[in-house]
Amino acid sequence: MTTRILTGITTTGTPHLGNYAGAIRPAILASRDPQADSFYFLADYHALIKCDDPQRIQRSRLEIAATWLACGLDTDRVTFYRQSDIPEIPELTWLLTCVAGKGLLNRAHAYKAAVDKNLESGEDPDAGVTMGLFSYPVLMAADILMFNAHKVPVGRDQIQHVEMARDIGQRFNHLFGKGKEFFTLPEAVIEESVATLPGLDGRKMSKSYDNTIPLFGSAKQLKEAIARIVTDSRAPGEPKDPDSAHLFTLYQAFATPEQTAGFRQELLDGLAWGEAKQRLFQLLDGELGEARERYHALIEKPSDLEDILLAGAAKARKIASPFLNELREAVGLRSFRSDVQASGPAKKKSGKSARFVSFREQDGTFRFRFLAADGEELLLSRPFADPKAAGAISQQLVAQGADALELRADEGDQFTLWMDGQCLADSPAYADPDARDAAMLRLRDAIAGLAEQ
Ligand code: TRP
């Protein structure tokens, strides 16, 4: 079975070397695994939450799309698209918004940080907080759940959002699934082995520290950035300590083990920092030179990029559009035409279908009854301490299907329902074994009918 991997890239900045080593390169490598079915997209709706400068949004979308393609993303293998080209995403966002707890979203780190900052400065707690920021995790849940992703590679700061997507998806499944799991519950993947690159000053490379090395600047810009890497003051000929030099860390992130070992030895032998920077420049220029050419060619032909992304969106919508229709059905946004049929003569016998009805006993335990479409009671469950357990079992019964039901006829005129070696429910008493056997068949039919819905 293939694993569906999905991740979004917020389109607010220009990719730098740290993004390349930390996210782009590993994602492209992962997408080449034959077991992987990868979905990568430009999270441009998310970008609007953080940025109200249209020029910047547009420029960043272009640059990020060109960067991923220039770095070797193969759009025949992966589905590569802009979030804003998929109208099903905001539509699903609304369906999810209607089941997401406000309390859940109150706990989101990004929102809480904004509130804390306001409180510290004596402002209204929600000053400057948009509904976009508050609902950010719901939009992200829609991104993930729309395509039933199994794995979501993200940075640590995003783990909570993936967990919220699980919560929201589970809630929807529970409310509308009737035993069917609409959404795959996703898992965040944190790549421990991936390089977090130091920037020019040795802190993590990040736009907010202004210490980045441009990914696809000119060779001259690359050289200038490298010249600004901070080193210690050891003179040429003096031994350098590779392990305390972030210049060495940067080198290592792009070099083969042999190159790294050679460079280490040279530093220990007293290689001048100027020379060392020259070595790093050559290494990076070698790794990025060709991709840089491709990048500039793509940037110069934005309409080609547009075509590529629209083709990606069409591919994504082939999945999103029928799936969203199913979800609309599930919540009750259905065509009136199907209503006419449902109440027409064919199904007139009973508007209802078979159903589980749960209730609370005087002693605080919970049970469910299973009723056939005509209201006949077919099962009464044993008591459960937890109402959720009762619900989970009824879902499981439907999900596993009529054929898998484990029914045991006892010597008398009753039967019992078993799962995993446990007796879960009893039938009523019947007049004789034949009546009992007929009831067992009616039960299987009723479960099969539910599974079909
Ligand atoms: N919020 C993510 C980030 O800032 C970007 C993103 C949006 C995303 N939607 C996503 C990541 C869905 C993974 C899956 O990094």
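Parameters at a glance
Throughout, residues of each chain are indexed from 1 in the direction in which the sequence is written. Residues qualify for local features only when their pLDDT is at least 70, as the model is predicted, and side-chain atom pairs are given and counted only at 80 or more; totals for whole chains, interfaces and linings, by contrast, use all residues. As a rule here, side-chain values come from all non-hydrogen atoms in the structure, and water together with hydrogens is ignored. The helix and strand labels rest on DSSP assignments: H or I over at least four residues marks a helix, E over at least two residues marks a strand, and numbering proceeds from the N terminus. In this description the radius of gyration comes from C-alpha coordinates, and the expected globular size is given by 2.2 Å times residues to the power 0.38. Partly exposed residues are those whose accessible area sits between 20% and 50% of the maximum for their type, while under 20% is buried and over 50% is exposed, using a 1.4 Å probe and protein chains only. It only takes one pair of heavy atoms within 4.5 Å for two residues to be counted as in contact. Only four residue types enter the tally: Lys and Arg on the positive side, Asp and Glu on the negative side; His and the chain ends are excluded. Where a charge sits is defined by one atom per residue type, namely NZ (Lys), CZ (Arg), CG (Asp) or CD (Glu). Note on geometry: axes are C-alpha line fits, over the in-contact stretch for helices, and angles between N-to-C directions span 0 to 180 degrees. Convention used here: angles under 35 degrees read as roughly parallel, angles over 145 as roughly antiparallel, angles from 65 to 115 as roughly perpendicular, and any remaining angle as oblique. Note on residue categories: nonpolar means Ala, Val, Leu, Ile, Met, Phe, Trp, Tyr, Cys or Pro, charged means Asp, Glu, Lys or Arg, and polar means any other residue, Gly included. All the domain ranges listed were derived from an automatic or database domain assignment. Two parts placed together each lose some accessible area under a 1.4 Å probe, and adding up what both lose gives the buried area. One side-chain nitrogen of Lys or Arg within 4 Å of one carboxyl oxygen of Asp or Glu is enough to make a salt bridge. In this analysis, rings of Phe, Tyr and Trp, with Trp reduced to its six-membered ring, are considered paired at centre separations within 6.5 Å, and the interplanar angle assigns stacked below 30 degrees, edge-to-face beyond 60, and tilted for intermediate values. At least two bridges found by DSSP between two strands are what make those strands a pair. UniProt positions are given in the numbering used here, feature names are shortened, and annotations may be inferred rather than shown by experiment. Neighbouring residues are identified by heavy atoms, a residue being near a molecule or strand if any of them is within 4 Å of it. Nitrogen and oxygen atoms within 3.5 Å of one another constitute a polar contact, given that in protein one can donate a hydrogen and the other can accept it, and given that sequence-neighbouring residues count only through two side-chain atoms. Exposure was quantified through the Shrake-Rupley algorithm and a 1.4 Å probe, taking into account, for residues, occlusion by the shown protein chains and nothing else. In this context, the arc is that of the directions from the helix axis out to the C-beta atoms.

Asks: A description of the overall build of the protein should follow, citing residues and the corresponding values.
Replies: Each helix and strand counted, the protein has 16 helices and eleven strands in total. Over its C-alpha trace the protein gives a radius of gyration of 29 Å, far above what one expects of a compact globule, namely 22 Å for 453 residues. Taken over the C-alpha atoms alone, the protein extends approximately 100 × 55 × 45 Å along its principal axes. Evaluated residue by residue, the protein yields a buried proportion of 43% over its 453 residues. For the protein, contacts bridging at least 24 residues in sequence account for 69% of all contacts bridging at least 6. When the 53 basic and 64 acidic side-chain charges of the protein are each reduced to a single mean position, those positions are 3 Å apart.

Asks: An account of the packing of helix H3 (residues 54–70) against helix H13 (residues 302–331) is needed here, citing residue identities and associated values.
Replies: Two numbers describe how H3 lies on H13: the axes approach to 11 Å, and their chain directions differ by 75°. When the interaxial angle is binned, H3 and H13 end up roughly perpendicular. For the pair H3 and H13, the contacting residues are Leu62, Ala65, Ala66 and Leu69 in the first and Pro302, Leu305, Ile308 and Leu309 in the second. Taken together, the residues that form the contact of H3 with H13 break down as eight nonpolar, no polar and no charged.

Asks: So what's going on with the domain arrangement of the protein? Which residues, and what values?
Replies: Split into domains, the protein comes out as domain 1 (3–100 + 135–192 + 301–305), domain 2 (216–299) and domain 3 (343–452). Contact residues are listed per partner, giving 15 residues for domain 1 and twelve residues for domain 2. Of the roughly 1200 Å² buried between domain 1 and domain 2, counting both surfaces, carbon and sulfur atoms make up 65%. Among the residues domain 1 hides against domain 2, the three largest losses belong to Leu17, Arg25 and Ala70. Together they make up 40% of the total. For the interface between domain 1 and domain 2, the tally reads one salt bridge.

Asks: Now, about the packing of aromatic side chains: what can you tell me, with residues and values included?
Replies: Under the criterion given, the structure shown has 18 aromatic pairs. Ring plane angle 5° and centroid distance 6.2 Å describe the contact between Tyr20 and Phe254, whose orientation is recorded as stacked. Taken together, the residues span a long stretch of sequence, with Tyr20 in helix H1 (residues 17–31) and Phe254 in the loop between helix H10 (246–252) and helix H11 (257–268) at a distance of 234 residues. For Tyr20, a relative accessible area of 9% puts it in the buried group. Considering the side-chain rings of Tyr40 and Trp68, the 5.4 Å spacing of their centres and the 50° angle between planes classify their relative orientation as tilted. Taken as a pair, Tyr40 in strand S2 (residues 36–43) and Trp68 in helix H3 lie far apart in primary sequence, 28 residues in all. Judged on exposure class, the residue Tyr40 and its partner Trp68 are both buried. An aromatic cluster is present here, built from Phe172, Phe176, Phe182, Phe183 and Phe323 joined pairwise through their rings.

Asks: Can you explain the pairing of strand S8 (residues 377–381)? Please cite residues and give values.
Replies: Strand direction decides the pairing type here: strand S7 (residues 366–371) and S8, joined by three bridges, are antiparallel. Pairing of Phe370 across the sheet is with Leu379, part of S8. What sits between the antiparallel neighbours S7 and S8 is a turn of five residues, in which Gly375 has the positive phi angle 95°. Two strands pair when backbone bridges link them, and S8 and strand S11 (residues 422–426) are joined in this way by two bridges, in the antiparallel orientation. Paired with Leu380 across the bridge in S11 is Asp426.

Asks: Just give me the short version of the UniProt feature "binding site: L-tryptophan" (unreviewed entry) in the protein, but keep the residues and values in it.
Replies: According to UniProt, the positions carrying the feature "binding site: L-tryptophan" (unreviewed entry) are Asp143. Following the sequence through the fold, Asp143 ends up in helix H7 (residues 131–146). Taking relative accessible area as the criterion, Asp143 reaches 2% and is therefore assigned buried. In this structure, Asp143 is in contact with Leu6, Phe41, His46, Gln83 and Ile89, ignoring residues within four places of it in sequence.

Asks: Any chance you could break down the sheet that holds strand S10 (residues 415–419) for me, citing the residues and the numbers?
Replies: Reading across from one edge, S6-S7-S8-S11-S10-S9 is the order of the six strands in this open sheet, with antiparallel pairing throughout. The open sheet terminates on both sides in strands that have one partner only, identified here as strand S6 (355–360) and strand S9 (406–409). Taking the axes of each pair of neighbouring strands and ignoring which way they run, one obtains an average angle of 30° across the sheet.

Asks: A description of the site of the ligand should follow, citing residues and the corresponding values.
Replies: In the vicinity of the ligand there are 15 residues, among which Thr10, His46, Tyr136, Asp143 and Gln158 approach most closely. The side chain of Thr10 places a nitrogen or oxygen atom 3.2 Å from an oxygen atom of the ligand. Compared with its free state, where it exposes 360 Å², the ligand has 90% of that area covered by protein. Looking at the shell around the ligand, the elements that each hand over two or more residues are strand S1 (3–10), S2, helix H2 (44–50) and H7. Residues that form the shell around the ligand fall into these classes: eight nonpolar, five polar and two charged.

Asks: Break down helix H4 (residues 88–97) for me, citing the residues and quoting the values.
Replies: Considered for burial, the residues of H4 that qualify are Glu88, Ile89, Leu92, Thr93, Leu95 and Leu96. End-on view of H4: buried residues confined to an arc of 165°, all on one side of the axis. If you follow the buried residues of H4, they end up packed against H7, helix H8 (159–176) and H13.

Asks: So what about the pairing of S2? Which residues, and what values?
Replies: Within S2, seven of the eight residues are buried, which leaves it mostly tucked inside the rest of the structure. Sheet analysis places S1 next to S2, joined by eight bridges and oriented parallel. Of the residues in S2, the one forming a bridge with Thr7 is Tyr40. For S2 and strand S3 (residues 79–82), the ladder comprises four bridges, and the chain directions are parallel. Within S3, the residue paired with Tyr40 across the bridge is Phe80.

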